[in-house]
Structure formats: C-alpha cells, structure tokens
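Architecture at a glance
Chain residues, written in single-letter form:
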Amino acid sequence: MRTGIDGLGLAVPSLCIDLETLAKARGVAPAKYLDGLGTWRMGIAPIDEDTVTLAARAGHMALESTGTKEDDIGLLIVGTETAVDHSKPVASFVQGLLGIGRNCRVFETKHACYGGTAGLMMALDWIRSGSARGKKALVVCSDIARYGLKTAGEPTQGAGAVALVVSENPRLVELDPSQSGQYAIDVHDFWRPLYSKDAHVDGHYSVQCYLDALSGAYRHFQQLVPGVRASDCAALAYHVPYGKMARKAHRQVRAMDGDENPDASFDVQVGASLVLPAQVGNIYTGSLYLALASLLATSVKNLDGQQLGLFSYGSGSCAEFFVGTVVPGAQERVHALGLQAMLDRRRVLSFDEYEQVMKAREELDVRPVEQAVADDFRFLGVDSHRRTYVSPEA
Ligand code: HMG
C-alpha cells in the first residue's frame, strides 16, 4: 500500500518583525541574528489569532487544495505545545470550525515540537492497518513560539501552522512509517510550565540535546534500514528552530556518514528547505513540515521520484529520522499554493508595535469577546469561560 502526504496547507499570522529591527532595539549586532542564527523575520500573532485559528486556516487550505470533503476525514489530530485548554483539545475547535464530520477520531497530541510527527506516524499506521477503510487523516501542527522579552530565546520565536492530508496514493510525499528511526530520552532542555506563557529553555544545552537525539535517531534508522544513507538523499529537511540549527544538524549527519567536508553539500541538500522558515521563525510542531513545504516550493532541482531525509525533534525529548519519496508533480502542486506570496502579505511591525502585541497577548486567555469582521478564522475572546471563534462567511 502506498501512503503519505497528499496535500498541505500553511497558515502564518498576519504580522511579523524583522530581526534586524529587534537586534537594533536590543543592542545586539544584527549579524548575530541574521547570520549567527540564520533567521531574518519571525511571525507574530495579533490578539485575534491563536493556535486554533492558525490550525483551522491551515486545515482549510489543505482540504481545499486536495479537494478533500469534510466527511472524507476519519482522523483529525492536532499536534501542539500551545494548547488553549487543559481538557478540550484544539482539534475539537478545528473540527467545529472546518465542519469535519462526526464519525471521526478527534484529539490532540503533545510532545514539544515532535507532537505533529507523532500524529503523522499514527495516521500512516491507521491507514496501513486497514482501520481507515478508505478515509483520510488531517494532521495539523499548530503553535505560537514564545520566549520572554529580552531573553536569549527571543529572536527564535515565531508562529504558524502546517496541515497535512494523509492518505493512500498520496500526491506529494510517499511515506512508509517502518522506514524510520526513533530516539527518546528524559531531559530538561526546554519546557513550558503550566503557570507560564513563556517557554523556559537551557539554550546551549538544548542545542546539544537536539544533536544527541539526531545521532540516536539516525543510528537507529541505519540499523533498521541498512543501505539508505542521508548523504545519498536528494534533499534533507530538519526541524528548524532557527536556520543555523539545520546547518549544525547537517554537519553531524554527514559526519556520521563519514563525510569530512559536510558543509560542501549544505546548499544543495538543505538550502531550499530554509527559504520559508528563515522568514517565519520557529513554529515548533510545524517546523519540519514548513521546511518540507519550502523544499518542495523553492527547490530548483527536479525531485520527482527522489528520496528525502526528514528529521523531527521535540524537546524533552523525542526524535525521529525518516525517509520519504517525492511523488512526480509534487513540486508544481506545492508551488501553486503561493506560499511565498502569503508571507509577503504580512504587515511588518515596528519594534514598539511588537512589544505592545507581545504584552497584549499575555491577557489573551481572559480577553472579553469583541465582535470582528468575519473575513477569516478569528479568535473573538472568552465568554462564560468558553473560547469563542468566528469562521469566514461563505
Ligand atoms: P545565544 O547565547 O544568544 O547565542 O543563544 P550564541 O552566543 O550561541 O550565538 C549564536 C550564534 O551566532 C553562534 O554561532 C555565534 O557564533 C553567532 P554558532 O557558534 O552556534 O555557529 N554570532 C554571530 N554571527 C555573526 N555575527 C555576529 C555574531 N555574534 C554571534 N556578530 C540560542 C542562542 C539558540 C541558544 C538561543 O537563541 C536560545 O536559547 N533559543 C531557544 C532554544 C532553541 O532554539 N534551541 C534549539 C535546539 S532545541 C529545539 O530545537 C526544540 C525547540 O524547537 C522546542 C521544542 O521542541 O518544542 C526549541
């Protein structure tokens, strides 16, 4: 049975900030953020956008672009580490906003940035087991990455969602979940305590944990899938908290393959996967899939039938290295989504506006309901302890 990603949708917030602006305001050399971290812009969500609205928008685009009807979905999973409720999953809000049918499993998965990959692997197994009975899965990765103002993590924020339609006979990337290596270990590199909106992170340790997990997952992959090497893949996409992390990851994987000059292959194998992430920042669960979308949308190489290597990392930690095959025509399909144009439509904030939005978001979960124009999926506020949303008018 051929299974994999049939189509995708992307949502980014309507606002962003240039990291050069942030660097100057923080008294940091802009080159540290632009070259040292490899990101030049990051997405900032205004107060009427949250994990739910981003997920709904990405999901809507994925369904539309694949011609999938709401009743074709038998499994709806939202991977997130920016939940909006301890009990009610983001997936339930998304089900309601998208009108997904009722004969469906609907739930949320969490393991930091790995939560979306957990959902994807579960969806592939669900289809291959026969339980799907011809239905498709919608797996949405949605997050708002938030660190404290003036912390080292501040330039590695971002926000966005990537939705994946997972099915038989996929039109983008074929995936076999048995072609995958995993690595998990209990570490405290990055976490978000229940009492905090901001993530806590042991920054340099988290980089080391990511690299250790990459080694562990890739070693496991090599044991399970002998003869397939990252070096032989046409392209590689890594979890991208910031672009430089992907470069560190690439050096490590290629070195494990015995390459003495790993940087030489970086632009060819990884460059295209960083074009969109460098303009959005870290979107946590969706980060790897934004890198994959970027690769398919911007690579100048013909990837038809070519093998890709994919690495997902979630702090805490759990990681997975897996391979997929690009379905002929996938690049045209993703290119036609107009992802770069979507990023270009965002409004670029001044530094003062950025700080105002970040402060206003602290009160988001108790914000009284305000009416809004129903031009998109929007968060209106909280009424009688219930989060209230509006969908775009048909
Ligand atoms: P920092 O201490 O501010 O930065 O923190 P630094 O001193 O390490 O510098 C960063 C890079 O800029 C270095 O390059 C410098 O040399 C360079 P490297 O040595 O790494 O190659 N640099 C310059 N380059 C050019 N011109 C200059 C200049 N100055 C310095 N003038 C850190 C950086 C990433 C640690 C911080 O931003 C942070 O804590 N970020 C959040 C944590 C994070 O993103 N960790 C990544 C791995 S964990 C992960 O990916 C999981 C995660 O997504 C969460 C989840 O799973 O849910 C985060």
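Residues numbered from 1 in each chain as written. Predicted model: local features only at pLDDT ≥ 70, side-chain atom pairs only at ≥ 80, totals over all residues. Heavy atoms only, no water.

This part is about the site of the ligand. Around the ligand, 29 residues are found, and the nearest of them are E81, C113, A152, K244 and K248. Note that an oxygen atom of the ligand is positioned 2.7 Å from one of the side-chain N or O atoms of K244. Contact distances for the ligand include 2.5 Å between an oxygen atom and a side-chain N or O atom of K248. Taken by itself the ligand offers 1100 Å² of open surface, and the protein chains cover 75% of this. Put simply, the parts of the chain that give the shell around the ligand at least two residues each are helix 2 (30–37), helix 6 (203–224), helix 7 (243–256) and strand 12 (307–314). At five residues, the largest contribution of residues to the shell around the ligand is made by helix 6. The residue makeup of the shell around the ligand, split by class, is 15 nonpolar, 10 polar and four charged. (Near = heavy atom within 4 Å. Polar contact = N/O pair within 3.5 Å; in protein donor to acceptor, adjacent residues only side chain to side chain. Areas by Shrake-Rupley, 256 points an atom, 1.4 Å probe, with all protein chains shown as cover. Helix = DSSP H or I, 4+ residues; strand = E, 2+ residues; numbered from the N terminus. Nonpolar A, V, L, I, M, F, W, Y, C, P; charged D, E, K, R; others polar.)

Moving on, we get to the packing of aromatic side chains. If you walk through the whole model with that rule in mind, you get 10 aromatic pairs. Taking 6.2 Å as the distance between ring centres and 10° as the angle between the ring planes, the aromatic pair formed by Y218 and F221 counts as stacked. With Y218 and F221 both in helix 6 and three residues apart, this pair spans about one turn of that helix. The burial state of Y218 is the same as that of F221; both residues are buried. When the ring of F379 is compared with that of Y389, the centres are 5.4 Å apart and the planes differ by 45°; the resulting orientation is tilted. With F379 in strand 15 (residues 378–383) and Y389 in strand 16 (residues 386–390), this pair connects stretches of sequence that are 10 residues apart. Across the pair, exposure class does not vary: F379 and Y389 are buried alike. Clustering of aromatic rings is evident, with ring pairs tying together F93, F379 and Y389. Note that R247 overlies the ring of F266, its terminal NZ or CZ placed 4.0 Å from the centroid. Across from the ring centre of F379, 4.4 Å away, lies the NZ or CZ of R387, which sits over that ring. (Phe/Tyr/Trp six-rings, centres within 6.5 Å; stacked < 30°, edge-to-face > 60°. Buried < 20%, exposed > 50% of the residue type's maximum accessible area, 1.4 Å probe, protein only. Lys NZ or Arg CZ within 6 Å of the ring centre and 35° of its normal.)

Quick look at the pairing of strand 13 (residues 318–326) now. Counting buried positions along strand 13 gives eight out of nine residues, so the element sits mostly inside the fold. For strand 8 (residues 173–184) and strand 13, the ladder comprises eight bridges, and the chain directions are antiparallel. Paired with E174 across the bridge in strand 13 is T325. As paired elements, strand 12 and strand 13 share eight bridges and run antiparallel to each other. Looking across to strand 13, one finds that Y313 is bridged to A319. The loop that links strand 12 with its antiparallel partner strand 13 comprises three residues; one of these, G316, has a positive phi angle of about 120°. (Pairing = 2+ DSSP bridges.)

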